[in-house]
Number of protein chains: 2
Amino acid sequence: MSVTAAKGFTAAGIAAGIKANGGPDLALVVNTGPSRAAAGVFTSNRVKAAPVLWSEQVLKGGAVTAVVLNSGGANACTGPRGFQDTHATAEQAAEVLGHHAGEVAVASTGLIGTLLPMDKLLPGVAAAAAELSEHGGEKAAIAIKTTDTVHKTAVATGPGGAWTVGGMAKGAGMLAPGLATMLVVLTTDADVDAGTLDKALRDATRQTFDRVDSDGCMSTNDTVLLLASGASGATPGYADFAEAVRHVCDDLARQLIGDAEGASKDIRIEVVNAATEEDAVEVGRSIARNNLLKCAIHGEDPNWGRVLSAIGTTGAAFEPDALNVAINGVWVCRNGSVGEDRDLVDMRFREVVITADLAAGAQSAVVWTNDLTADYVHENSAYSS
Amino acid sequence: MSVTAAKGFTAAGIAAGIKANGGPDLALVVNTGPSRAAAGVFTSNRVKAAPVLWSEQVLKGGAVTAVVLNSGGANACTGPRGFQDTHATAEQAAEVLGHHAGEVAVASTGLIGTLLPMDKLLPGVAAAAAELSEHGGEKAAIAIKTTDTVHKTAVATGPGGAWTVGGMAKGAGMLAPGLATMLVVLTTDADVDAGTLDKALRDATRQTFDRVDSDGCMSTNDTVLLLASGASGATPGYADFAEAVRHVCDDLARQLIGDAEGASKDIRIEVVNAATEEDAVEVGRSIARNNLLKCAIHGEDPNWGRVLSAIGTTGAAFEPDALNVAINGVWVCRNGSVGEDRDLVDMRFREVVITADLAAGAQSAVVWTNDLTADYVHENSAYSS
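What you are looking at is a predicted structure, and each value in this text was computed from that prediction instead of being measured. For every chain, the first residue of the written sequence is number 1, and numbering continues from 1 along that sequence. Key to labels: chains lettered from A, ligands numbered from 1, both in the order written. With the structure being a predicted model, the display of local features is reserved for residues of pLDDT at least 70 and the display and counting of side-chain atom pairs for 80 or more, all residues being used for whole-chain, interface and lining totals. Water and hydrogen atoms were dropped before computing side-chain values, which therefore reflect all heavy atoms in the structure.

A. View of the overall build of chain A. Helix and strand content of chain A: ten helices and 15 strands. Note on method: radius of gyration uses C-alpha positions; expected globular size equals 2.2 Å times residues raised to 0.38. Relative to the compact-globule value of 21 Å for 385 residues, chain A shows a C-alpha radius of gyration of 21 Å, a close match. For chain A, with 385 residues in total, the buried portion stands at 62%. We call two residues in contact when some of their heavy atoms are within 4.5 Å. Here the analysis covers contacts within chain A between residues at least 6 apart in sequence; of these, 79% occur between residues at least 24 apart. Here chain A displays about 12600 Å² of accessible surface, and carbon together with sulfur accounts for 50% of that area. By the counting rule applied here, Lys and Arg register as positive and Asp and Glu as negative, while His and the ends of each chain are not counted. Every charge is mapped onto a representative atom, which is NZ of Lys, CZ of Arg, CG of Asp or CD of Glu. Here chain A carries 28 positive and 45 negative side-chain charges, and the mean point of each set is 2 Å from the other. Here a helix means four or more residues in a row that DSSP labels H or I, a strand means two or more in a row labelled E, and each is numbered from the N terminus. Three exposure classes are used, based on accessible area relative to the maximum for each residue type with a 1.4 Å probe and protein chains only: buried under 20%, partly exposed in between, and exposed over 50%. Residue burial considers only the protein chains on display, and all accessible areas are found by Shrake-Rupley using a 1.4 Å probe.

B. Representation of the sheet that holds strand E12 (residues 330-334) of chain A within the structure. Residues and elements named next belong to chain A. Strands are treated as partners if at least two bridges between them are detected by DSSP. Taken together, six strands build an open sheet; the order of strands is E13-E12-E11-E14-E10-E15 and the sheet is mixed. Two strands lie at the open edges of the sheet, namely strand E13 (337-338) and strand E15 (363-370), each paired on one side alone. Sheet topology places strand E10 (residues 266-274) next to strand E14 (residues 351-357); seven bridges connect them, and they run parallel. Each bridged residue has a counterpart across the sheet, and for Arg268 the counterpart in E14 is Val353. Think of each axis as a best-fit line through the C-alpha atoms, taken over the contacting stretch in the case of a helix, with angles from 0 to 180 degrees between the N-to-C directions. Taken strand by strand, helix H6 (residues 238-258) contacts E10, E14 and E15, and its axis lies near 40° from that of E15. Contacts between helix H9 (residues 304-311) and the sheet are confined to strand E11 (324-327), E12, E13 and E14, with E11 contributing the most and set at about 135° to the helix.

C. Expanded view of unusual backbone geometry. Going from Gly33 of chain A to Pro34 of chain A, the amide bond is cis rather than trans, its omega being 20°. Tracing the backbone through its elements, the reader meets Pro34 of chain A in the loop between strand E2 (26-31) and strand E3 (38-42). The backbone of Asn75 of chain B shows a phi angle near 50°, a positive value even though the residue is not glycine. Structurally, the position occupied by Asn75 of chain B is in the loop between strand E4 (66-70) and helix H2 (79-97). Here the phi dihedral of Ala359 of chain B falls at roughly 50°; this positive angle occurs in a residue that is not glycine. By secondary structure assignment, the location of Ala359 of chain B is in the loop between strand E14 (351-357) and strand E15 (363-370).

D. Broad picture of the packing of helix H5 (residues 194-207) of chain A against H6 of chain A. All names here are of chain A. For the pair H5 and H6, the least separation of the axes is 9 Å and the interaxial angle reads 45°. Considering their axes alone, H5 and H6 lie oblique with respect to each other. In this structure, H5 crosses over H6, and the sense of that crossing is right-handed. Along the contact surface, H5 presents Thr196, Leu197, Lys199, Ala200, Leu201, Asp203, Ala204 and Gln207, while H6 presents Tyr238, Phe241, Ala242, Val245, Arg246 and Cys249. Three classes are used, and their members are as follows: Ala, Val, Leu, Ile, Met, Phe, Trp, Tyr, Cys and Pro are nonpolar, Asp, Glu, Lys and Arg are charged, and the others, Gly among them, are polar. A per-class count over the contact of H5 with H6 returns nine nonpolar, two polar and three charged. Roughly parallel here means an angle under 35 degrees, roughly antiparallel means over 145, roughly perpendicular means 65 to 115, and every remaining angle is called oblique. With the far helix as reference, a near helix turned anticlockwise by less than a right angle produces a left-handed crossing, and one turned clockwise produces a right-handed crossing.

E. Representation of the interface of chain B and chain A in the model. Between chain B and chain A, the contact holds 52 residues from the first and 52 residues from the second. Buried area is understood as the total, over both parts, of accessible area removed when two parts are fitted together, assessed with a 1.4 Å probe. Of the roughly 4000 Å² buried between chain B and chain A, counting both surfaces, carbon and sulfur atoms make up 59%. Any Lys or Arg side-chain nitrogen located within 4 Å of an Asp or Glu carboxyl oxygen qualifies as a salt bridge. Our enumeration of links across chain B and chain A arrives at zero salt bridges. Two N or O atoms count as a polar contact when they lie within 3.5 Å, although within protein this holds only if one can serve as hydrogen donor and the other as acceptor, and sequence-adjacent residues are included solely when both atoms are side-chain atoms. Inspection of the chain B/chain A interface yields five residue pairs in polar contact (both at pLDDT 80 or more). Of all the secondary-structure elements, those providing two or more residues to the side of chain B that touches chain A are helix H8 (291-298), helix H9 (304-311), strand E13 (337-338) and helix H10 (374-381) of chain B. A class-by-class count of the residues in the side of chain B that touches chain A yields 22 nonpolar, 24 polar and six charged.

F. Quick peek at the pattern of salt bridges. Within the structure shown, the criterion is met by 30 salt bridges over all chains. Among the ionic pairs, Arg268 of chain A bridges to Glu270 of chain A, the shortest N-O distance being 2.8 Å. By relative accessible area, which is 25% here, Arg268 of chain A ends up partly exposed. Note on Glu270 of chain A: relative accessible area 21%, which makes it partly exposed. One salt bridge in this structure joins Glu243 of chain B and Arg246 of chain B, with 3.3 Å as the shortest N-O distance. With Glu243 of chain B and Arg246 of chain B both in helix H6 (residues 238-258) and three residues apart, this pair spans about one turn of that helix. Residue Glu243 of chain B is classed as partly exposed on the basis of its relative accessible area, which comes to 40%. Of the residues examined, Arg246 of chain B reaches a relative accessible area of 25% and is grouped as partly exposed. Each of Arg254, Asp266, Arg350 and Glu351 of chain A takes part in salt bridges that share partners, so that together they form one network.

G. Inspection of the confidence of the model for chain A at higher detail. Every residue gets a pLDDT, meaning the predictor's confidence in that residue, from 0 to 100. Of the residues in chain A, 96% have a pLDDT of 70 or more, and the chain-wide mean is 90. Long-range and interchain partners of residues 177-181 of chain A, a stretch whose pLDDT sits below 50, account for 29 contacts in this model, where long-range means more than four residues apart.

H. Here's a closer look at the UniProt feature "binding site: substrate" (unreviewed entry) in chain A. All names here are of chain A. UniProt positions are given in the numbering used here, feature names are shortened, and annotations may be inferred rather than shown by experiment. Per the UniProt record, "binding site: substrate" (unreviewed entry) is annotated on Thr146, Lys170, Thr181, Glu261, Asn380 and Ser385. With respect to the helices, strands and loops of the structure, Thr146 is situated in the loop between helix H4 (137-143) and strand E6 (152-157). You can call Thr146 partly exposed: its relative accessible area is 23%.

I. Expanded view of the sheet that holds strand E8 (residues 183-188) of chain B. All names here are of chain B. An order of E3-E9-E8-E7-E6 is seen for the five strands of this open sheet, with the pairing classed as mixed. In this open sheet, the two edge strands, each paired with only one partner strand, are strand E3 (38-42) and strand E6 (152-157). Each adjacent strand pair in this sheet contributes to an overall mean axis angle of 10°, direction not counted. Bridge analysis of strand E7 (residues 164-170) against E8 gives six bridges, and the strand direction is antiparallel. Within E8, the residue paired with Met168 across the bridge is Val185. Running at roughly 35° to E3, helix H5 (residues 194-207) makes contact with E3, E8 and strand E9 (223-228) of the sheet. The strands that H6 touches are E6, E7, E8 and E9; relative to E6, the one it contacts most, it runs at about 160°.

J. Up close: the side chain of Ser35 of chain A. All names here are of chain A. Turning to its location among the elements, Ser35 is positioned in the loop between E2 and E3. By relative accessible area, Ser35 is classed as buried at 17%. For Ser35, the contacting residues outside a window of four places in its chain are Asp191, Ala228, Ser229 and Gly230.

This is the structure in structure tokens:
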């Protein structure tokens, strides 16, 4: 599983002492080749962390030999010193691995606005390199957790098992779209060039990670990388490969929502009969970000009026008196007004499906979010203190 | 105080039986003239409640003789029947008062998606008319409360006490800008024509109610009305009058934030040195809507990284490494990086001031919000059940 499911990759996860609690906090993923093709998408937040600024430059070369990831500190809003620290991290990895720093991506996650303890991080990179293993994917996935309660991995294989796509993800809060919304490393042993990787990755993230909106808060550190080793010797057709990448991204995105901070409900928002896909996404996002609705779902209250009030704030094509809304299959709102009896809605299960019918076309989109709970408030009012 | 502070107005507030708990739920405000000039601003939510659709038409005539307001039900998303109910309410008021229904505005607040109990509301209008009094402003303000814990009134007088502007407001949740964000009735005994009232009201709401963003959720029922009786016989200069209206709106807006659902902190967001006022408002709004920051403030945690991540999602003019942020006067972020010691920030008091310096110009704006608390979650997960 994870980033070592595909051939041609080693990984490690260790406790370097970055986190105060002594837990695993440093991961290393290495592409042993023969190919080093890679693609990446990054946060669209204009305030970007130092490792994002660094890795964006690395990815322009289309090749990555190693990725260093740390939890316990985002290295965001840390000024020139923060960027120097990221650079030093890449140099350290390059030195112990015998590669070029220009092919080492770096990703960090944790509190914004504090410098990383480089006296612990740099020796940690060397220690992680010493533990690299073809079975290290699980430990790497564990080492990138912050408030995640579980580590997240996924895998898909091509026709006949000729090639594999695997991956790991972290993310539980500050989770909202903007190209990508978390740290994710995907690996494949398929032989795919950097341009094709880039297209497959953007196609996949647009429909998966970009449609996860846990709390409307876009991170400064979002990074999704896709590394290809070519070690299987197989060159897949684009459609098969893109579908495998999309599948792994979708699986990981679903796991992120399932582990969102404080959540007790996973909410699947299906917007149907929209004039355009963009309209469907805009409406889905607006519903996903409505705090009042998220509280209502937490209380197992099928409060469809809050769905309509959220739709009404968008610019999507619709007529208010043609809107229909179902919650868990019960059409509680028809033609913009009272529909079936709301008491018929069964909301006992964790997954809740809200269907918003815009009656304006034939396009659709799914956006995932979660409920808003007292636990979310508690967790995030005490995070940095 | 309230809507009867100005001469030429009577008001009443009664319990008509609309609310299940038997509390006051129906208010009536009557302009006894001699002038009936009026202006109104309404929610920009495209899903508009029946009373909003009705009152928008009434206000096009520039004259209002009476306003019927009810709590206990929003009459939103109620279809043709809901609109008929609003119409019948206006007709009832017109009949008992001896006026035209076309000059009766209606405003409703409460749960979306349920029809009003007209068998209680219509007799209630007659009962309220029988209680109309020049001292009824307080009772009217009490009757429009929903989750408000206190009623809100404000007053301002012109030079030498020649004329008065008074008002009442309700609003505690689903409180975010969109021209107006709550039910507000302002009255004045100044002799001002409808066009001037409209300009003064729009100028005022743009800088006051429009810059209150409690929970990012825009209502379907927002209504702000300004009624002039001319009973003082005084015709104020525009600047004096506009300032009085702005003062009353600002006072009421501040009271709304102070009573926001579940809030324990009132947060004043000052965006300074912006390239344009629009930039300043966009940045202020983005900060105000950041759930993670709102949780942090609840925890008295000066987590400025969340301020920067919110600024980074906007299109405003700024350079990330030129941003400065102060919390309660301590510049915890300078030049996009770590500034003064965050432990210097004293957050024990209810009011918290966040200053965001965009270092991009000379414009500024203030946006108010409040913290996000477990009490907000609790109140809104149990509201309709």
